[in-house]
Amino acid sequence: IPAEYDDKAIAIMRECAYNACLINEKDSLRLQFITKHEAASVHCISVLREYNISDGSTFIMIVDCSGTIELTTQKLLENHKLGEITERTGDYCGGYFVDNEFINFLGRKVGSSAIDHVRNNHYGQLQYMIQEFCGHVKFPFTGQREDFNQFTLDLEVLCPAIKQYVKGSELDEMEYNEWIIELKFEDVKAMFDPVIERILQLIRTQLNAIRSCKVMFLVGSFSESKYLQTRIKQEFYQRNINIIVPARPLTIIAEGAVQYGLMLDKLDELDKMTIISPRVFEKTYGIKVTRKWNSSDPIELKLSDGMINSFLRIAKRGDEIPSDTGISMIFSSSFISRNSLDLFVTDEHNVKYCDSPGVDLIGTLKFHIPSTFNNNAISITLFFDDTTIKVVAQEVDVKTGWKYEIVFDNIY
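Residues numbered from 1 in each chain as written. Predicted model: local features only at pLDDT ≥ 70, side-chain atom pairs only at ≥ 80, totals over all residues. Heavy atoms only, no water.

A. Representation of the overall build of the chain within the structure. A tally of helices and strands in the chain yields 10 helices and 16 strands. Evaluated residue by residue, the chain yields a buried proportion of 46% over its 412 residues. For the chain, the share of sequence-separated contacts (at least 6 apart) that also reach a separation of at least 24 residues comes to 68%. Here the chain has roughly 21,600 Å² of accessible surface; of this, 47% comes from carbon and sulfur atoms. (Helix = DSSP H or I, 4+ residues; strand = E, 2+ residues; numbered from the N terminus. Buried < 20%, exposed > 50% of the residue type's maximum accessible area, 1.4 Å probe, protein only. Contact = heavy atoms within 4.5 Å. Areas by Shrake-Rupley, 256 points an atom, 1.4 Å probe, with all protein chains shown as cover.)

Right, dumping it as structure tokens:
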């Protein structure tokens, strides 16, 4: 699945599979989800061994998802497992955008309205032109003038339907050129450079966040671009990083997903969810703490009793998710005076208030603190799974056996 699919989307897909009778139980382990990035990483584990990459080494996975480029840095762990050590980053700079620049180039020759008509009424012919461009220009292009063979587009052959939509000065020009368009070296380079520069910036960001990197994997259709490969090697050659393009970059994701499923059949229940572990938080989580309002706080957030609801961060976006121990905090019983605990989530790294824009309530854990506590300490522990958060509140000294817990499903 795409990395953009959040836990809500995954839960909807699971429910649809259950309603379609593809699984017998909604929480069946027979249905597993893996992102494109993770699937590609699973497949590349064996390739890492071929390059003598040892356990503990890091590598960057660069996946072209057509419209987007997605990057993450992972660590090779023992027993063929992977650890995600940076937050996934991405941008709209996949191979699709080079294709789009090619279409824009055509639009400047025949008129943008003509392109729109062909896209709406003769989509197959438009795609045929794009495929011809990819096969003869996009993938062979190296960025070296001496390697470039000028390419001509014969619109009467490749896209005959377009002739009826070209008007005015563009029609006069095309008739004069007998419906032939030439792609010169400068034209093609201009299609690539803005897109590739954005990819290079994504890579720089990942490299700045880690100490070292042994390998970069290029996966997806755009990874076949000779120019993209050359620019990456030129930019980062001083770092002594192996740039690897697998033999079948277009099928890597599907092959990795199949391998992942086969690996699950060979693992016990404890290990099934930890093939790719630990991961990093994609959101920031916190609880509501009510304190006295002061002059540095926004006046509009001041409560009627002179208090304000602050956001106490428990887990920060980009930090590593603990797989077994959870995240714990200790409070005095008097500190939690409302007999409840509100859990919030946000996309931001740092927020101060629960009422800030973009901060959403996940749910509330309600409990009752007995009078026998006498201000005993209370521990609040959060356990994070793929689609759930388990919140446990209990007495630290365990004198009375007091304990409350709740599981919030479909966290997003």
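B. Quick look at the packing of helix α3 (residues 95-110) against helix α8 (residues 185-208). Close contact between α3 and α8 brings their axes to 9 Å; oriented N to C, the two are set at 140°. One element, α3, and the other, α8, form an angle in the oblique class. Here the hand of the crossing between α3 and α8 comes out right-handed. Between α3, through Phe97, Val98, Glu101, Phe102 and Phe105, and α8, the contact on the second element is made entirely by Asp187, Met191, Phe192 and Val195. Tallied by class, the residues present in the contact of α3 with α8 amount to 7 nonpolar, no polar and 2 charged. (Axes fitted to C-alpha atoms, helices over the stretch in contact; angles between N-to-C directions. Parallel < 35°, antiparallel > 145°, perpendicular 65-115°, else oblique. Left-handed = near helix turned anticlockwise from the far one by under 90°. Nonpolar A, V, L, I, M, F, W, Y, C, P; charged D, E, K, R; others polar.)

C. Helix α9 (residues 226-236), seen in detail. Among all positions in α9, only Tyr227, Leu228, Gln229, Arg231, Ile232 and Phe236 are buried. Tucked inside the fold, the buried residues of α9 contact α8, β7 (215-219) and β8 (242-244).

D. Region of interest: unusual backbone geometry. We note that Cys21 has phi near 65°; this positive angle belongs to a residue other than glycine. Position of Cys21 among the secondary structure elements: in the loop between α1 (7-19) and α2 (36-50). Its identity as a non-glycine residue notwithstanding, Asn240 has a phi of 55°, on the positive side.

E. Just the sheet that holds strand β13 (residues 359-366), in detail. Pairing is antiparallel in the open sheet, where 4 strands are placed in the order β10-β9-β12-β13. Among the strands making up the open sheet, the edge pair consists of β10 (307-315) and β13. For this sheet, the mean angle separating the axes of adjacent strands, direction not counted, is 35°. (Pairing = 2+ DSSP bridges.)

F. Geometry of the packing of aromatic side chains. Going through the model one piece at a time under the given rule, you end up with 11 aromatic pairs. Seen in terms of ring centroids, Phe141 and Phe185 are 5.6 Å apart; in terms of plane orientation they differ by 45°. Their pairing is tilted. You can see Phe141 sitting in the loop between α5 (123-138) and β5 (151-154) and its partner Phe185 sitting in helix α8, a full 44 residues away along the chain. Neither residue differs from the other here; Phe141 and Phe185 are each classed as buried. Taken together through their ring pairs, the aromatic side chains of Phe141, Phe148, Phe185, Phe192, Phe222 and Tyr227 make up a single cluster. (Phe/Tyr/Trp six-rings, centres within 6.5 Å; stacked < 30°, edge-to-face > 60°.)

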